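Analysis of the macromolecular model
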Amino acid sequence: MKTLNGAMTALGLILLCSSVTHAQEPIKLGVLEDQSGDFAAATIGKVHGIQLAAEEINAAGGIAGRPLELVIYDTQSDNTRYQEFMRRVLQRDKVDAVFAGFSSASREAYRPIVNQFDGFAFYNNQYEGGVCDANMVVTGAVPEQQFSTLLPYMMETYGKKVYTIAADYNFGQISAEWVRNIVKEGGGEMVGEEFIPLGVSQFSQTIQNIQAAKPDFIVTLLVGTAQASYYEQAAAANVNLPMGSSVNVGQGYEHKRFKPPSLANMYATVNWIEEVDTPQSKAFVEKWHKKFPDEPYINQEAENSYLAVHLYKQMVERASGSTKKDDLRKVIAEGDVCYDAPEGKVCLDPKSQHMSHTIYLAKVSDDHSISFPKVWNDIKPYWLGDAGCDLTKNDPSAQYTPSNPPPAAN
Amino acid sequence: MTVYYTLFTFLYQTGDAFAFLVLSACGLAIIFGMMGVINLAHGEFIMCGAYVCAASARAGLPLPLAVLAGALAAGAAGMLIERIVIRPLYDRPLDTIVATWGVSMIVTQSTLILLGSTMPGTGTPFGSFAVGPYSYSIYRVVLMGAALATLGLLWLGFTRTRFGVLARATIQVPHIAQALGVNTGLVYSLTFGLGAALAGLAGGLYAPTMTLVPTMGSAFVVEAFVTVVVGGADIFLGTAPAALVLGIIKAALTSWQGQLAGQIGLLVAVIIVIRILPRGISGWILRERA
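Residues numbered from 1 in each chain as written. Chains lettered and ligands numbered in written order. Predicted model: local features only at pLDDT ≥ 70, side-chain atom pairs only at ≥ 80, totals over all residues. Heavy atoms only, no water.

1. Some points on the sheet that holds strand β3 (residues 97-100) of chain A
All names here are of chain A. Rule in force here: For two strands to be treated as a pair, DSSP must find no fewer than two bridges joining them. Only DSSP runs of H or I with at least four residues qualify as helices, and only runs of E with at least two residues qualify as strands; both kinds are numbered from the N terminus onward. Between N-to-C directions, angles cover 0 to 180 degrees, with each direction set by a line fitted to C-alpha atoms, over the stretch in contact for helices.
Pairing in this open sheet of 5 strands is parallel, and the strands run β2-β1-β3-β4-β6 from one edge to the other. With partners counted over all chains shown, the strands left at the sheet margins are β2 (68-74) and β6 (136-138), one partner each. This sheet shows a mean twist of 25 degrees between the axes of neighbouring strands, independent of strand direction. Two elements, strand β1 (residues 27-33) and β3, share 4 bridges in a ladder whose sense is parallel. Counted as the bridge partner of Leu29 is Ala97 from β3.

Next comes the structure, spelled out in structure tokens:
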């Protein structure tokens, strides 16, 4: 009996030791973001947000006792780089999860690869919505959160004639479809719509087309630094119309980069920007500037990326340290994966694996200072779930749009 | 009345597209037309001009001087790069493409690392004017004037000055020019510098209207190459008429069907021109003459 006890103790010790060494092994997080190229201005902050969160987590003992290690690649605003590096982090670096992507084109470029290797990827960016894919968690805001708040406000305040200018790729096209639908539901009228190829920087003719259509306000869904030249050129031509947007201010901080008043009267629905004036938001900004004193602006995607790391930590710890996708999704399915983020409380929706947000209406004034005429708390990403996407039951790994909804559940 | 407004809009838009094409292309056209070097770092000289212009304008220099400062800075950078990178490659024109491409990437990335991802702009001066229901930016009319003035000054420079004669002589028959005592090395250097300075001028002139980022040159480069390919090697008989034709195509298609149609129109025009006029508009005009 005595020897058996000794053997048991020894076995216990061995098990304990092996589990200790196991616990020391880091959790690897792949980070694929554009640190150079056309999107760099909006996305360098996302990498910083992830680094800040990782530092905090490691200082507090890591995730379930294991340190968090970042594997960072610069995707250069280039979709093929996303595919290369996504293969690399999943196959060679064998990361536990990947945080990746700014433009929707890049997300759709890498998503099949995540599906192929059954990886677990976080897309920490606002986008046109509709991705119903069990391998993806989306922490950014989607159209039902940004447009169903913004457009009714704009139509009530300024009138019902709307003109959309949008970047000509999946993000702009699908967002414009949302705008069209919500404007129509609200009894408004689309007086014009123009899609601008990425990289276009000269807008004289577009400005004339807008003036000819006489809208009450413009919805600008312009992406990238080249297209951002629109505001300066429209202001110089004295277009002087209110603008609404789901991407400007919150991503490209155009109000900081351009000389006032070129962005005056821009309304953007954001889930956070550095001007948000709550105590937890201010503390976050202060913490950020301590680590990155030269950050030109902390945008909403930086906050989304930061909070995503903390969400991931929570999921892994609730799955008793497992980083397996299926274990983490079981945690998500419980429906209470929430986090007190700088913007307020956010929760993951199990059906779509998208996130609820506090939506702030940011108004840019003549001197480019920001005010928040309206705040909507706890806006849910309801569309996918209502339309029939339910990742707890099946995984179509597809992207849906209002004109191409999920097939009726059977 | 509406007809006049529409007509004015069309003229303004054509002029605007013309100015953009001429200013972005003439530096490239000089370096390609006179030296046979295809300069893929063209966009970075434009970016250099824009950055220097915006920085000196914000430091208090009046805008015209700031634009000139941008052009001079780009010109100096051009002469430096000619001396270091291009000179050993004059006999290997294809290699200059790769070399200048490398310069372009190094400059873009260094700018990103050293100066950050964006630079604050200066704002567009002069305000706006209205014609009928439309309002227009005055500064863009200034740009049209600047494009015409640039072409005029270049023409005077190449036909009426000693440098112009020496440059044309060096480009046509370098060894005879050298035998007659022309410092051909200096002429090459100056010509490349002039091309770079013109790129810098374009950057400086457009800096107040655009987002200043390290990759901003790429917004000009496609249009510049399209214009040079359609125009051919001669800047006056090629670049200027090509810019006019392309400006009309772009303005008409963009007002009719939007920016995408305008872009498609430009590229289709290139394909057609390459097919039927392989040496561009200037090649066609000169052949008719000969």
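2. Structural notes on the sheet that holds strand β12 (residues 338-341) of chain A
Residue and element names in this part refer to chain A. Read across the sheet, 3 strands follow the order β12-β13-β14 without closing on themselves; strand pairing throughout is antiparallel. Across the chains shown, the open sheet's two edge strands, defined by having one partner strand only, are β12 and β14 (354-355). In this structure, β12 lies alongside strand β13 (residues 344-349), joined through 4 bridges in antiparallel fashion. Bridge pairing links Tyr339 to Val346 in β13.

3. Focus: the domain arrangement of chain A
Residues and elements named next belong to chain A. The line we're drawing: Domain limits in this description derive from either an automatic procedure or a database domain assignment. Should any heavy atoms of two residues lie within 4.5 Å, those residues are counted as being in contact. Summed over both partners, the accessible area (1.4 Å probe) lost when two parts come together is defined as the buried area.
When cut into domains, chain A gives domain 1 (25-141 + 276-357 + 379-399) and domain 2 (144-270). Using C-alpha coordinates to define each centre, domain 1 is positioned 27 Å away from domain 2. Residue-level contacts link 30 residues of domain 1 with 24 residues of domain 2. Summing the contributions of domain 1 and of domain 2, the shared interface buries around 2,200 Å²; its carbon and sulfur component is 56%.

4. With respect to a nonpolar patch on the surface
Residues and elements named next belong to chain B. What counts, and what does not: Each patch is built from residues that are more than 30% exposed by relative accessible area and take part in no salt bridge. Like charges join if they lie within 9 Å; nonpolar side chains (Val, Leu, Ile, Met, Phe, Trp, Tyr) join within 5 Å. Accessibility throughout is a Shrake-Rupley quantity obtained with a 1.4 Å probe, and a residue counts as covered only by protein chains that appear here. For this analysis, a salt bridge means a side-chain nitrogen from Lys or Arg found within 4 Å of a carboxyl oxygen belonging to Asp or Glu. Residue exposure (1.4 Å probe, protein chains only): buried if accessible area is under 20% of the type maximum, exposed if over 50%, otherwise partly exposed.
A cluster of nonpolar side chains, namely Leu260, Ile264, Val268, Ile272 and Ile276, defines an oily patch on the protein surface of about 430 Å² accessible area. Assignment of secondary structure puts Ile276 in helix α11 (residues 259-276). Using a relative accessible area of 58% as the deciding quantity, one classes Ile276 as exposed.

5. A short note on the pairing of β1(A)
Residue and element names in this part refer to chain A. Across the 7 residues of β1, 6 count as buried, placing the element largely inside the fold. Note: β1 against β2, 7 bridges, orientation parallel. For Ile27, the partnering residue across the bridge sits in β2 and is Leu68.

6. So, the pattern of salt bridges
If charged atoms from side chains of opposite charge come close, those side chains can pair. All names here are of chain B. Scanning the entire structure with this criterion turns up 22 salt bridges over all chains. Among the ionic pairs, Asp16 bridges to Arg140, the shortest N-O distance being 2.7 Å. Taken as a pair, Asp16 in helix α1 (residues 2-35) and Arg140 in helix α5 (residues 138-160) lie far apart in primary sequence, 124 residues in all. On the basis of relative accessible area, Arg140 is assigned to the buried category, the value being 4%. Between Arg92 and Asp95 there is a salt bridge; the shortest N-O distance is 2.7 Å.

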